[in-house]
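# A structural walkthrough
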Amino acid sequence: MLPDAANLLLCPSCRGRFLSSDGGPGNPGAALRCPVGHSFDAAKQGYFNLLVGRGTVFEADSASMVAARFEFLEGGHYRPLAEAVAASVAPALAGDKPVVLDAGTGTGHYLRCTLDTILARHSAVAAIALDISKFALRRAARMNPEAANLVCDVWQPLPVADAAVDAVTVVFAPRNPAEFARVLRPAGLLVVVTPRPGHLAEIAARTGMLGIEPDKDERLAESMGGHFHLNLARDLDLQLSLSPTDVENLAYMGPAGHHLNRASLTGRLAGLAAVTDVWARFRINVFERLQDPGSVTTWPRSVPTH
Ligand SMILES: C[S@@+](CC[C@H](N)C(=O)[O-])C[C@H]1O[C@@H](n2cnc3c(N)ncnc32)[C@H](O)[C@@H]1O
Ligand SMILES: [Zn+2]
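Read on for an overview of the structure. Predicted, not measured: the structure shown is a model, and the values here were computed from it.

A few words now on the state of the cysteines. Among covalent bonds in proteins, the disulfide is the one between the sulfur atoms of two cysteines. Going through the model one piece at a time under the given rule, you end up with zero disulfides. Here Cys-152 is not cross-linked by a disulfide; its sulfur's nearest cysteine counterpart is in Cys-11, at 13 Å. Overall, the relative accessible area of 5% leaves Cys-152 in the buried class.

Let us now look at the nonpolar core. Judged by nonpolar contacts, the single largest core of 51 residues is most densely connected at Tyr-78, Leu-81, Val-100, Leu-200 and Phe-282. Among the elements that take part in this core, helix H2 (residues 79-89) stands out by supplying six residues, more than any other.

Residues in close proximity to ligand 1 total 20 residues, the closest being Arg-69, Gly-104, Asp-131, Asp-153 and Val-171. Surface burial for ligand 1 is 96%, taken as the share of its 590 Å² of free accessible area covered by protein chains. Class assignment for the residues of the shell around ligand 1 results in eleven nonpolar, five polar and four charged.

It is the contact of helix H1 (residues 63-74) with helix H4 (residues 134-143), at a shortest axis distance of 8 Å, that shows an interaxial angle of 35 degrees. Residues Ala-63, Val-66, Ala-67, Phe-70 and Glu-74 of H1 form the contact with H4, whose own contacting residues are Phe-135, Ala-136, Arg-139 and Met-143.

Quick look at the coordination of the zinc ion (ligand 2) now. With distances of 2.2 to 2.3 Å, the protein atoms coordinating the zinc ion (ligand 2) are Cys-11 (SG), Cys-14 (SG), Cys-34 (SG) and His-38 (ND1). Between the four donor atoms coordinating the zinc ion (ligand 2), the angles at the centre fall across 102 to 118 degrees, so the site counts as tetrahedral. Here the donor residues for the zinc ion (ligand 2) map to a single chain with the spacing C-x2-C-x19-C-x3-H. Taken as a pair, Cys-14 in the segment before strand E1 (19-21) and Cys-34 in the loop between strand E2 (31-33) and strand E3 (39-41) lie far apart in primary sequence, 20 residues in all. For Cys-34, a relative accessible area of 3% puts it in the buried group.

Before going further, it helps to spend a moment on the pattern of salt bridges. Tallying each qualifying case throughout the model produces twelve salt bridges. The salt bridge partner of Arg-283 is Asp-235, with a shortest N-O separation of 2.5 Å. Of this pair, Arg-283 sits in strand E11 (residues 276-289) while Asp-235 is found in strand E10 (residues 228-242), placing the two residues 48 residues apart along the sequence. Given the relative accessible area of 38%, Asp-235 is considered partly exposed.

Cut-offs applied
Residues numbered from 1 in each chain as written. Chains lettered and ligands numbered in written order. Predicted model: local features only at pLDDT ≥ 70, side-chain atom pairs only at ≥ 80, totals over all residues. Heavy atoms only, no water. Disulfide = S-S within 2.5 Å. Buried < 20%, exposed > 50% of the residue type's maximum accessible area, 1.4 Å probe, protein only. Core = buried A, V, L, I, M, F, W, Y, C linked by side-chain atoms within 4.5 Å. Helix = DSSP H or I, 4+ residues; strand = E, 2+ residues; numbered from the N terminus. Near = heavy atom within 4 Å. Areas by Shrake-Rupley, 256 points an atom, 1.4 Å probe, with all protein chains shown as cover. Nonpolar A, V, L, I, M, F, W, Y, C, P; charged D, E, K, R; others polar. Axes fitted to C-alpha atoms, helices over the stretch in contact; angles between N-to-C directions. Contact = heavy atoms within 4.5 Å. Donors = N, O, S within 2.8 Å, 3.2 Å for Na, K, Ca; no water. Tetrahedral: all angles 85-135°; square planar, octahedral: opposite > 155°, others 65-115°. Salt bridge = Lys/Arg side-chain N within 4 Å of Asp/Glu carboxyl O.

Note that every value here comes from positions in space, so none of it alone points to a role or purpose.
Printed below as a string of structure tokens:
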């Protein structure tokens, strides 16, 4: 079945609107087709791979990194963060069927909470979830079957129509301010979660996790300049009591997972106490779209830290 947001999606090859097709006799799978004839079949898990051309130079999260993220998040440790993201989105929602986009959705954990929160107050919602990792999208498609789960590179033009979305969420994932501004409605909101200095500091050295730059906030605001201004920033600190498996998953699921050898990480964590107390320190930044984005043409890049 095609997701509700299918009519908001653009063909990545020609930028035409997709004419959706739900299969039919001899073609049981859902497919996205554009007027020119480009066609993208749903993978059996339900996501669509919209990477075209040379693909991407970015390193997608591996299957084992995604599995570690899934297991950690399912433990509920970051649940208050998911609820805070969902609450931040609420003021942007308009109409009978609001539309949300989650960029770098990973396993779809945060989008699930956002959708459930919206559905408690609205009768319907449409959702678009983007990630460059097909392993992440396999999980996300299972977690959020009602969303359009799309493999794509957020540094490329997004396969989404102009002014189609009420809210964009980005949780520890790359940001493309120019494209987020384009797909948002004028009164739409961009919610960006970043880690603050001191985030997981108690286990950073032992696990080999990357540190948080002290000027991260300035760099975030700077990278959004020209397209967004910061409306609200809320800090959220969570005290976590983690098992050795939680610590290992936490280390492996982040960017350091691209470089860490799992076996040596397990070795380094041998002898860890049954419970390690750790502080997770987040900032939830809510940006408003500038109504006149001016002539900014560059796409400043921000690197996800966790
Ligand atoms: C640190 S994870 C966060 C995932 C999810 N938001 C969460 O917090 O659970 C970063 C995610 O961004 C995705 N990602 C990295 N580069 C990307 C790109 N250029 N385009 C789209 N997604 C990207 C990764 O595959 C990964 O799933
Ligand atoms: Zn096309």
